[in-house]
Structure formats: structure tokens, C-alpha cells
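Structure at a glance
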Amino acid sequence: MKKITLLLLGIIAFTACSKEPPADKIKGSYGCNVNLYTRYMKNGKWRDTSYVSTTNNAVVLEKIDENTVSVKATSKKWGEAICTAAKISDFNYEANFSGNGNDTLYVNGKKYVADISGTVSYDSRSMAVSVRVPNFPNSGGKYILAFTNTSY
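Here is a short report on the structure shown in this document. Note that residues are indexed from 1 along each chain, following the sequence as it is written. Only residues with pLDDT of at least 70 get local features here, since the model is predicted, and only at 80 or more are side-chain atom pairs given and counted; chain-wide, interface and lining totals rely on the full set of residues. By convention in this description, side-chain values take in all heavy atoms of the structure and omit both hydrogens and water.

Here we look at the pairing of strand β11 (residues 143-148)
Most of β11 sits inside the fold, with 5 of its 6 residues counted as buried. Here strand β2 (residues 33-42) runs beside β11; their pairing, made up of 6 bridges, is antiparallel. Note that in β11 the partner of threonine 38 across the bridge is tyrosine 143. For strand β10 (residues 127-132) and β11, the ladder comprises 5 bridges, and the chain directions are antiparallel. Paired with arginine 132 across the strands is isoleucine 144, a residue of β11. Under the scheme applied here, a residue whose accessible area is under 20% of the maximum for its type counts as buried, over 50% as exposed, and between as partly exposed, the area being computed with a 1.4 Å probe on protein chains only. For helices the rule is a DSSP run of H or I covering at least 4 residues; for strands it is a run of E covering at least 2, with both sets numbered from the N terminus onward. One bridge is not enough; two strands pair if DSSP finds at least two bridges between them.

Regarding the packing of aromatic side chains
To pair, rings of Phe, Tyr and Trp, with the six-membered ring standing in for Trp, must have centres within 6.5 Å; the planes then decide the type, stacked if under 30 degrees apart, edge-to-face if over 60, and tilted in the middle. Per the stated rule, a full pass over the model turns up 2 aromatic pairs. Taken together, a centroid distance of 4.7 Å and an interplanar angle of 45° make the contact between tyrosine 112 and phenylalanine 136 tilted. Residue tyrosine 112 is located in strand β9 (residues 110-121), and its partner phenylalanine 136 is located in the loop between β10 and β11; the two are separated by 24 residues in the primary sequence. According to the relative accessible area criterion, tyrosine 112 is buried, its value standing at 15%. Relative to tyrosine 143, the ring of phenylalanine 136 lies with its centre 3.8 Å away and its plane at 15°, an arrangement referred to as stacked. Overall, the relative accessible area of 6% leaves tyrosine 143 in the buried class.

Considering the side chain of asparagine 57
Position of asparagine 57 relative to the elements: it lies in strand β4 (residues 57-65). Polar contact is the term for a pair of N or O atoms within 3.5 Å; when the atoms are in protein, one must be able to donate a hydrogen and the other to accept it, and sequence-neighboring residues count only if both atoms are side-chain atoms. Here serine 53 takes part through its backbone oxygen, which lies 3.0 Å from a polar atom of the side chain of asparagine 57. For asparagine 57, the side chain forms a polar contact with the main-chain oxygen of threonine 55, separated by 3.2 Å. If sequence neighbours within four positions are ignored, asparagine 57 has contacts with Tyr30, Gly31, Cys32, Asn33, Val34, Thr74, Ser75 and Lys76. We call two residues in contact when some of their heavy atoms are within 4.5 Å.

A look at the pairing of β9
Two elements, strand β7 (residues 94-98) and β9, share 5 bridges in a ladder whose sense is antiparallel. By the bridge assignment, glutamate 94 is partnered in β9 with serine 121. Of the pairings in the sheet, the one linking strand β8 (residues 103-107) to β9 comprises 5 bridges and is antiparallel in character. Directly across from valine 107, in β9, lies its bridge partner lysine 110. Hairpin geometry of β8 and β9 is characterised by an intervening segment of 2 residues between the two adjacent antiparallel strands and by a positive phi of about 50° at asparagine 108. Where β9 and β10 come together, 6 bridges link them in antiparallel fashion. The partner of isoleucine 116 across the bridge, within β10, is valine 131. The turn joining β9 and β10, which pair antiparallel and follow one another in sequence, is formed by 5 residues; a positive phi near 60° is taken by arginine 125.

Comments concerning the pattern of salt bridges
Opposite charge on two side chains allows them to pair when their charged atoms are near. By definition here, a salt bridge exists when the distance from a side-chain nitrogen of Lys or Arg to a carboxyl oxygen of Asp or Glu is within 4 Å. Across all of its chains, the model carries 6 salt bridges by this definition. Where aspartate 24 meets lysine 27, a salt bridge forms, and the shortest distance between an N and an O atom there is 3.5 Å. The partner of lysine 142 in a salt bridge is aspartate 48, and the shortest N-O contact between them spans 3.7 Å. Pair noted here: lysine 142 is in the loop between β10 and β11 and aspartate 48 is in strand β3 (residues 45-53), with a separation of 94 residues, a long-range link. Judged by relative accessible area, lysine 142 falls into the partly exposed class, the value being 22%. When salt bridges with common partners are traced through the structure, they connect Asp24, Lys27 and Lys63 into a single cluster.

As C-alpha cells, this is what we get:
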């Protein structure tokens, strides 16, 4: 009986130690669509609008350590967002990640401060990444790029 108990404890310990880290579960390159949510001024009033880009978009997540990834979200139409170290929260079926406060959006050679966050589902590999740029010019304080993949 002692041998069986020790064997079961060994299997449980091995399983617990061999759990794949969240960064390994979500790393990779994701083709995606991008929605731009912003505002424009008309007749002295801000008006909300959105645009969609369905081609030449990608999100690349690279593992830094078990609980950290770098994020590069690229839209050929609206620029490239970069986060050098996004911390991951593991929920056993998906991972959420968020930037470190030093995130950046590059548009036409100009640099803007951005907030980057996202979610990746482990099984379906569905992904959503949000890039918020609070001080983007002529946007009424609203400039959000939403990267989502549609193929699971």
C-alpha cells in the first residue's frame, strides 16, 4: 500500500511540476482583424466612429519568462504597438496580460504612449488585444485599436 501511495504522490508531483507555463501556452503569431474606435469633430461636436481593417494585421507574443510576454501588434494601416514586458494572469483556460506602463504606438514615424492588454484562450487560441492611446491627436481622447482573430 505504501508503494502505491508513494507512486501516486510521485505522479501528482510530476504533473504539478510539468504544467506548461502560461507564456508557453499563448506565445505565437496571430493573424487578425483590427477595429479602430475613435472620434471626429463635426459641427463643433465630437462624434464616435469606427473603422475595420481585415488584411495585413498581426499580433506576435514572445515568451520572456514563464509569466511574461512581449507584445507586438501590427496594423499596416494604423501602426505598430509594442509592449516589451506584459505580465500574465493565468486562469487555467485562458491568460490575460497587460503592459507595464511603457507601451508605445508608432504611427507614421511618430511615437505615442499607449496601454496594451489582451486575452488568449488556451484551447481555441482565440485572441483579443486592445491598444488604447489616450492622447492621440484629433481623436477627442478616444483612440482604441482592437485586434481580434476570427479563426479558432
